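Secondary and tertiary structure notes
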Amino acid sequence: MNVLALPSSLDYRTVDDLLDEAHRLPEGRALLDARHLRWVDPAGMLGLLSAGRVLFDRSSIKPRLQLPEHADVPGYMARMGFFRAAEEIFELDQRPPRRASGDTDVLLEVMPITTNHDVHEVVDRVQRSAGAILTNTLHYPMTAVVQFSVILSEVCQNILEHAEAPGWVSAQAYNWQKRLGRHVVIVAVSDLGRGFRGSLANEHSARFGDRWGDATALEAAFIHGLTRFPDTGRGQGIQQMRKQVRKWNGSIAIRSGTARIADVPEWDDAPPLSKGMQPVRGSHIHILLPGMESNA
């Protein structure tokens, strides 16, 4: 059995390593060892689902997932709806904790995105739950609730229009008092579709010639606003999201294929572009929005 050991912290900073390791794993039955996991965020949970799905599709055998030994972590994953999505992908080594009814601290649990109805449900849930968190906890203006919903709608719609494959979305607020001195919201969206290079290839690959690849495709969409649509005015979601996230002094990053591109604010030290990574499936987006208390 091929064993993949998860790090103690699985979040937007370490999820690329997990995706890379899953790609390197030899074909056959896989065991994902999460026993020592002590922290996971939405990007980490979606990365874990993506890695498991890739391993499942490769061998037609569900990978086995060993749950974290630290009791708080499976409990949090249950509150975030992780195990509901995981049951179709993993064989669990033990029964996961039941999600308590009436959980109110979850901004957006792990939700599958397969149809336009799913996108509408995401927006509805966020508009019902995000208002208090964004305004009372992060001190955003009330207008930000609508703008936040638009961002989520755009990234989810991107799955349906560009990936042409199922995906997931999740979001949660955290207190980063030690790191940033404020609360933050982390949004993660993952799919296992064609990726940016595959989506844009028919319309744009010829003009780039030998330079065409994952990094070039990400730069074309992220920086230059190129889309798979020949007519102007369509598919501008990524650029509009980037502008709004920058206005809120947040960060946005996209991993697709062998490359990762990011819009990095001054408080983050992530590289703006990484190349030569393992060729993972689909696209993986994470957005981090800091609270306003330190932005004045």
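A quick note: this is a predicted structure, and the numbers were derived from the prediction, not measured. (Residues numbered from 1 in each chain as written. Predicted model: local features only at pLDDT ≥ 70, side-chain atom pairs only at ≥ 80, totals over all residues. Heavy atoms only, no water.)

**Examining the overall build of the protein**
Within the protein one finds nine helices and 13 strands. Oriented by its inertia axes, the alpha-carbon framework of the protein measures out at about 50 × 45 × 35 Å. Here the protein holds 296 residues, and 55% of them are scored as buried. Residue pairs at least 24 apart in sequence account for 70% of intrachain contacts in the protein once pairs closer than 6 positions are excluded. As presented, the protein carries roughly 13400 Å² of accessible surface, and 48% of it is formed by carbon and sulfur atoms. Here the protein contributes 33 positive and 35 negative side-chain charges, whose respective centroids are spaced 0 Å apart. (Helix = DSSP H or I, 4+ residues; strand = E, 2+ residues; numbered from the N terminus. Buried < 20%, exposed > 50% of the residue type's maximum accessible area, 1.4 Å probe, protein only. Contact = heavy atoms within 4.5 Å. Areas by Shrake-Rupley, 256 points an atom, 1.4 Å probe, with all protein chains shown as cover. Lys, Arg positive; Asp, Glu negative; His and termini not counted. Charge placed at Lys NZ, Arg CZ, Asp CG, Glu CD.)

**A short note on the sheet that holds strand S9 (residues 182-191)**
Strands in a sheet are paired, the pairing made by backbone hydrogen bonds, and the direction either parallel or antiparallel. As summarised here, the arrangement of the seven strands in space is S7-S8-S9-S13-S10-S11-S12, forming an open sheet in which the pairing is antiparallel. Sheet topology places strand S7 (108-113) and strand S12 (273-274) at the edges, where each strand pairs with a single neighbour. Relative to S12, strand S11 (residues 259-263) runs antiparallel, the two sharing two bridges. Residue Ile261 lies in a different strand from S12, and its bridge partner there is Leu273. In the packing of helix H5 (residues 116-137) onto the sheet, contacts are made with S7, strand S8 (167-176) and S9, and the angle to S7 comes to roughly 160 degrees. (Pairing = 2+ DSSP bridges. Axes fitted to C-alpha atoms, helices over the stretch in contact; angles between N-to-C directions.)

**Re empty space enclosed by the protein**
All chains considered together, the criterion is met by one cavity of 30 Å³ or more. Considered as a void within the structure, the largest cavity measures approximately 120 Å³ in volume. Residue lining of the largest cavity: 15 residues in total, with Val15, Ala43, His284, Ile285 and His286 positioned closest to the centre. Of all the secondary-structure elements, those providing two or more residues to the lining of the largest cavity are helix H1 (15-24), helix H2 (42-59), S9, strand S10 (251-257) and strand S13 (280-290). (1 Å grid on protein atoms, 1.4 Å probe; cavity = no way out; pocket = protein on both sides within 12 Å on 5 of 7 lines; lining within 4 Å. Points joined across faces, edges and corners; volume = space filled by probe spheres on them.)

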